[in-house]
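Structure at a glance
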Amino acid sequence: MKHIYLLLVFIVLFSCTSKSSKPMTHKYTNALINETSPYLLQHAHNPVNWQPWNSKTLNQAKTENKLVLISIGYAACHWCHVMENESFEDSLVAQTMNTNYINIKIDREERPDVDQVYMNAVQLMTGQGGWPLNIVALPDGRPIWGGTYFKKEQWISALNQIAELYKSNPEKLHEYANKLEQGIKSMDVVATNNNKPDFNKTFINNAVENWSNSFDKHYGGTNRAPKFMMPNNYQFLLRYAYQNNDQDILNFVNLTLTKMAYGGLYDHIGGGFSRYSVDIKWHIPHFEKMLYDNAQLVSLYADAYQLTKNELYKNVITETLNFVNNEMTTKSGAFYSSFDADSLNKNNVLEEGAFYVWTKQELEHILKEDFLLFSSYYNVNDFGFWEHNNYVLIKNEDDNAFAEKHNISIEALQSYKTKWKQTLLEIRNKRPKPRLDDKTLTSWNALMLKAYVDAYRVLGEETYLASAEKNANFILNNQLQNDGSLFHNYKNGKSSINGFLEDYATTIEAFIALYEVTGEEKWLKTSRDLTNYTFDFFFDKTSNMFFFTSSKDEALVSRSVEYRDNVIAASNSIMANNLFKLSHYFDNEYFYSTATNMLNNVTLEMQDYPSGYSNWLNLMLNYTHPYYEVALVGNEAHQKLTELNKNYLPNKLIAVAKYENSMPLLKNRFTPDKTLIYVCVNKSCKLPVSKTKEALKLITKQ
């Protein structure tokens, strides 16, 4: 590592500066013009000779024996736009890049596999990562240098020095690439745990206790900034609190969800959440809106509402789904990917948050006599001040307390809020909107599909189920191929990238959830078929884990295994949870043993960093507490299913049939003229009951 560090120091020494030139829009056109990704198309008129990531480009680098410069970002990335404006639109910078490098632009959302390999490399080299992600690699693709955002002078200086070093001492760079390659491959090696699985409550309790040391007891979330929402963390903690009667943990989850919904992180006018908060209070967001965040948060708030019946949570669900329906949904039922953080301000200059923020003078003019009440409710004061005379709308107390303080009824307050939101939304929509990334990603669509299912399950709104089914059919009709594989991307009627494990895992999970509210077997059977496909082309029999990429895909520097939960749960943890459920549905011992082995492997790391394994901990609860199979059979099965779904029951799965059915959980359980509910645990069943209330008594938390 000392050798690596010294080489990095040498490479990144900055030398001469260069004069900047003005960007020349559309004077240049490069190979990205033929791509569909909005992010890549944003760079199609840079003077840099950008090329897409493909075998042709990589072979060119080998043929010409040129270094490869790989720049990775995404459409909603603020600092990606900054670096484009400062460097990639500059003809002098482009001259340096074009002379010495084969330049490749990558949309990280289209190619998360490539992004992960080079992110691991940069984290090894610098100790941190982020986007834009910029890497220099040898002609064979192995990285030798990298970082995130660079100012123009830093960028051109570093690139010149690396190019010179490659000419004068290429052996040094090859030696370094060899060592870094070993490091990259070691990062995703999952140590096989040969010990007998021992999942117990004490293990989970200790993990939560260790985790709680980082809780922010005042604002919720973790005690640091920036703050990401991490929905899978709170899904687990909500379930843990419920099943263990832990009021302290439940209070912490409620505090977190309340503060997130109060803060500027949440769009109080249009609905939906920004990607993260730059401060510890959830007040000031980084303004891009991502489909995956809003999908997972709808699912989280749905479960929290189901347990607590907190009206705030219900409002978050409905307003967020209204935003998704109005702004992120195609006519075919697919969902777009994101909105940019930046939009044009009054001076016609791109500015972060310009679409969302307000000046006090604007609000006074718009709201007139309502302004004082509005400004008190949304803190148009020092509390909500951001910068440049702009305010972010923020709540800091619940509606009942506010109404009492201002001596108005709760009904009157609701009427005011409705009027304010309609007025401001109408005016805001006349502003230039943030740029939309209108590509469709299977994995993110599956997350939003599940969000609609969860919202329907909890609120019973039929339009939510209709949206879920429409999206599910979009995936079946457009992303599922004849050989049983999935595509990852879709735009303008075209799908071009093979699916990754995240696409399979999230689609399987969403289809299981859809089956559990509809009883339509095609969703469950498709989940099983997709699972079988992942065993054929993604499974590593040595580690009992799944690779992120299919064996059909071209090899990268490293074939990664994604198993640490992040803002989205790891594809392996989602798969393990899926396998656990499917093993019960189809009485499949291989699925069950695989899920068990996968969980056993990661227990070696879970105690030290439990927040990075929350979806695994959720699976462990299935082993340490009773897990129920609930079968509803008979003509009134769907009616009773709706009644059952009004209750927060995280430790169960549901099988549904109106008539005789050959599925293991339903076989030989149909009785004419009766609708019966069977509750089973550990392959042992209680006597069937006919009333939902009776069934609920048989399902305990612990």
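Residues numbered from 1 in each chain as written. Predicted model: local features only at pLDDT ≥ 70, side-chain atom pairs only at ≥ 80, totals over all residues. Heavy atoms only, no water.

Points about the overall build of the protein chain
Just so we agree on the cut-off: Under the scheme used here, helices are H or I runs from DSSP no shorter than 4 residues and strands are E runs no shorter than 2 residues, and both carry numbers assigned from the N terminus. Exposure categories follow from relative accessible area, calculated using a 1.4 Å probe and restricted to protein chains: below 20% of the type maximum is buried, above 50% is exposed, and the middle band is partly exposed. Contacts are assigned to residue pairs with any non-hydrogen atoms lying within 4.5 Å of each other. All accessible-area figures derive from a Shrake-Rupley calculation using a 1.4 Å probe, and residue coverage is judged against the displayed protein chains alone. Charge counting follows a simple rule: Lys and Arg are positive, Asp and Glu are negative, and His as well as the terminal groups are ignored. Lys charges are placed at NZ, Arg charges at CZ, Asp charges at CG and Glu charges at CD.
Within the protein chain one finds 26 helices and 22 strands. Each of the three principal axes of the protein chain carries a C-alpha extent, and together these read 85 × 70 × 50 Å. Within the protein chain, the fraction of its 702 residues that count as buried is 60%. Summarising the internal contacts of the protein chain: among those between residues at least 6 apart in sequence, 69% fall at separations of at least 24. Split by element, the accessible area of the protein chain, about 28800 Å² in all, is 48% carbon and sulfur. Taking the 70 positively charged and 77 negatively charged side chains of the protein chain as two groups, their mean positions are separated by 1 Å.

Examining the sheet that holds strand β6 (residues 276–277)
Here is the rule we go by: Pairing between strands is defined by DSSP: at least two bridges between them are needed.
Judged by pairing direction, the sheet is antiparallel, and its three strands sit side by side in the order β5-β6-β7 without closing on themselves. Only two strands of the sheet have a single partner each, and these edge strands are β5 (227–228) and β7 (285–286).

Details of the sheet that holds strand β2 (residues 101–107)
We apply this condition: Axis lines are fitted to C-alpha atoms, over the contacting stretch for helices. Their N-to-C directions set the angle, which ranges from 0 to 180 degrees.
Here we have four strands laid out as an open sheet, ordered β2-β1-β3-β4, and mixed in their pairing. What marks the edges here is a single partner per strand, and that holds for β2 and β4 (143–147). Shown here is a sheet whose adjacent strand axes are inclined to one another by a mean of 20 degrees, direction ignored. Sheet topology note: the strand β3 (residues 133–137)/β4 ladder contains four bridges and is antiparallel. Across the sheet, Ala-137 pairs through a bridge with Pro-143, a residue of β4.

Focus: unusual backbone geometry
Residues other than glycine predominantly adopt negative phi, and peptide bonds predominantly adopt the trans conformation. A cis amide bond, omega 5 degrees, links Trp-131 with the succeeding residue Pro-132. Examined against the element boundaries, Pro-132 turns out to sit in the loop between α6 (112–126) and β3. The amide bond that connects Ala-225 to the next residue, Pro-226, takes the cis arrangement and shows omega of 0 degrees. Notably, His-388 is not glycine yet its phi reads approximately 55 degrees, a positive angle. Tracing the chain through its elements places His-388 in the loop between α15 (371–377) and β13 (390–391). Positive phi, normally seen in glycine, also occurs at Asn-407, with a value near 60 degrees. Following the sequence through the fold, Asn-407 ends up in the loop between α16 (399–405) and α17 (410–428). Look at Asn-407 and you get exposed, because its relative accessible area is 71%.

Quick notes on the pairing of β2
When you tally the buried positions in β2, you get seven out of seven residues, the bulk of the element. Across the two faces of β2 the burial is the same, with Tyr-101, Asn-103, Lys-105 and Asp-107 and Ile-102, Ile-104 and Ile-106 all buried. Judged from the seven bridges that link them, strand β1 (residues 67–73) and β2 form a sheet pairing that is parallel. Residue Ile-72 lies in a different strand from β2, and its bridge partner there is Ile-106.

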